[in-house]
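Coordinates in review
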Amino acid sequence: MGLKIETKNLTPALAAEIAAICPFGAIEADGAKLSINAACKNCKLCVKKSNGVITWEDEEKPAVDKSKFVGVAVFGEVRYGKLLPVTLELLGKARELADQIAHPVYAVLIGENLKGAAEDALRHGADKAYCYDHEQLKYRTVVPFTACIKDFIDTVKPSSVLFGATNFGRSLAPRVAARCGAGLTADCTMLEMKENTDLVQIRPAFGGNIMARIVSPQARPQFCTVRYKTFDALPRSEELTGEVVNVTVTDAMLQSGTEVLSVAEKPKEVDISDADVIVACGRGFQKKEDLALAQELADLIGAQVACSRPLAESGWMDAKHQIGLSGRTVKPKLIITLGISGTVQFTAGMKASDFIVAINADPDASIFEVAHVGVVGDLYEVVPKLIEKIKEGRENV
Ligand code: SF4
């Protein structure tokens, strides 16, 4: 599939004329020769305007034999010898999806000294844990990791591969998908499995106005990333079943243009994704100083303060405290939202919370659709009363 240049009747003048068509400067004329460079956006304007000199050719892709791709695989991200929580959550979801089509669940682990992490993957839903265990894979460098996963895919041929949407997962997954000539859906909020093994990858699109259901019926494997706290991990099984497969790591897999010179620990930060109780602030707050009200409530109930996107964008709160698609996904036991309307982008990042209390002056605010308890009222009146009631309740204990 791509642009094709008909060179037969080209003259230097015609070549220069056609090169001028491209608004991105992607057509280069050299005398009577034309070439397309990497700036091409495939907009096909040149196809429309070059009178047949540039044409678009669709390549016939042979239909993929889906029966040859079996299993739901999870990239097992390991840090300090342990699987990240997002991997355990993905293994839980992979188990559910795989059971619907009677496929196995695989974990792919890459690093050094992986035995403990591999057994943990088996205890959380994997049937097999494939380990690429090598001292040179101690640090997460994306090129060798890509080569290892590609090796796993070529050997095992899984139907779907799930990655955690961590910083590293977001870097790794597109590289692997590109090597396999397949697509990738980032930040899925739901996953479903069809009987024919097509993975339905669901995520908000067009500014959150629709929930897109994305399938890749012509490609295998199917790739997606999912954020931490989107799914539930299975309880850890006391019984160790399944198999650890130690794969030989070749020199070719270790090839890398990156050399790790030193590793510096980042200072530990408070992560709202791990909070059990959250007070989230939205546009209902009229000025930054008023956020002290939310902080007082949060201090009283041992909560962390978070916010919706407008507050992070206005600089009232650090972006690390932002909940939603462009922020963090949270799943606390209790979340109290104050003056938040509840756009799809926001609720996609918190609707899995155990208990949601929403306070908003607008009775039609969408946040009430996901809230377990809704209070229609001005937060400037409701929150002080709530604080007073909590204090009173404590005094009477
Ligand atoms: Fe330029 Fe569009 Fe033609 Fe690409 S397809 S060369 S971007 S005009």
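1. Re the pattern of salt bridges
- Under the counting rule described, the total for this entry stands at 21 salt bridges.
- Its salt-bridge partner being D127, residue R95 comes within 3.0 Å of it at the nearest N-O pair. In this pair, R95 is assigned in helix α3 (residues 85-100) and D127 in the loop between α4 (115-123) and β9 (128-133), connecting sequence segments 32 residues apart.
- Residue classification places R95 among the buried positions, given a relative accessible area of 17%.
- Among the ionic pairs, R328 bridges to D271, the shortest N-O distance being 3.2 Å. Separated by 57 residues along the polypeptide, R328 in the loop between α9 (309-313) and β19 (334-338) and D271 in the loop between α7 (251-254) and β17 (277-281) bring together distant segments of the chain.

2. Topic: the site of the ligand
- Around the ligand, the structure places L3, C22, F24, A26, I27, C40, K41, N42, C43, K44, L45 and C46.
- In terms of residue class, the shell around the ligand is built from nine nonpolar, one polar and two charged.

3. Description of a nonpolar patch on the surface
- The grouping of Y139, V260 and V263 at the surface amounts to a nonpolar patch, some 250 Å² of accessible area in total.
- Its place among the elements puts Y139 in the loop between β9 and α5 (142-156).
- By relative accessible area, which is 36% here, Y139 ends up partly exposed.

4. Some remarks on the domain arrangement of the chain
- Per the domain assignment, the segments of the chain are domain 1 (2-57), domain 2 (66-254) and domain 3 (272-395).
- With centres defined by C-alpha atoms, the gap from domain 2 to domain 3 works out at 33 Å.
- Across the boundary between the two partners, domain 2 contributes 13 residues, which contact 13 residues of domain 3.
- For D232, the salt bridge goes to K331, with nearest N and O atoms at 2.3 Å.
- Linking domain 2 with domain 3 are eight residue pairs in polar contact (both at pLDDT 80 or more), by the criterion used here.
- Grouping the constituent residues of the side of domain 2 that touches domain 3 by class yields four nonpolar, four polar and five charged.

About the cut-offs
- Residues numbered from 1 in each chain as written.
- Predicted model: local features only at pLDDT ≥ 70, side-chain atom pairs only at ≥ 80, totals over all residues.
- Heavy atoms only, no water.
- Salt bridge = Lys/Arg side-chain N within 4 Å of Asp/Glu carboxyl O.
- Helix = DSSP H or I, 4+ residues; strand = E, 2+ residues; numbered from the N terminus.
- Buried < 20%, exposed > 50% of the residue type's maximum accessible area, 1.4 Å probe, protein only.
- Near = heavy atom within 4 Å.
- Nonpolar A, V, L, I, M, F, W, Y, C, P; charged D, E, K, R; others polar.
- Patch = residues over 30% accessible without salt bridge, like charges linked within 9 Å, V, L, I, M, F, W, Y side chains within 5 Å.
- Areas by Shrake-Rupley, 256 points an atom, 1.4 Å probe, with all protein chains shown as cover.
- Domains from an automatic or database assignment.
- Contact = heavy atoms within 4.5 Å.
- Polar contact = N/O pair within 3.5 Å; in protein donor to acceptor, adjacent residues only side chain to side chain.

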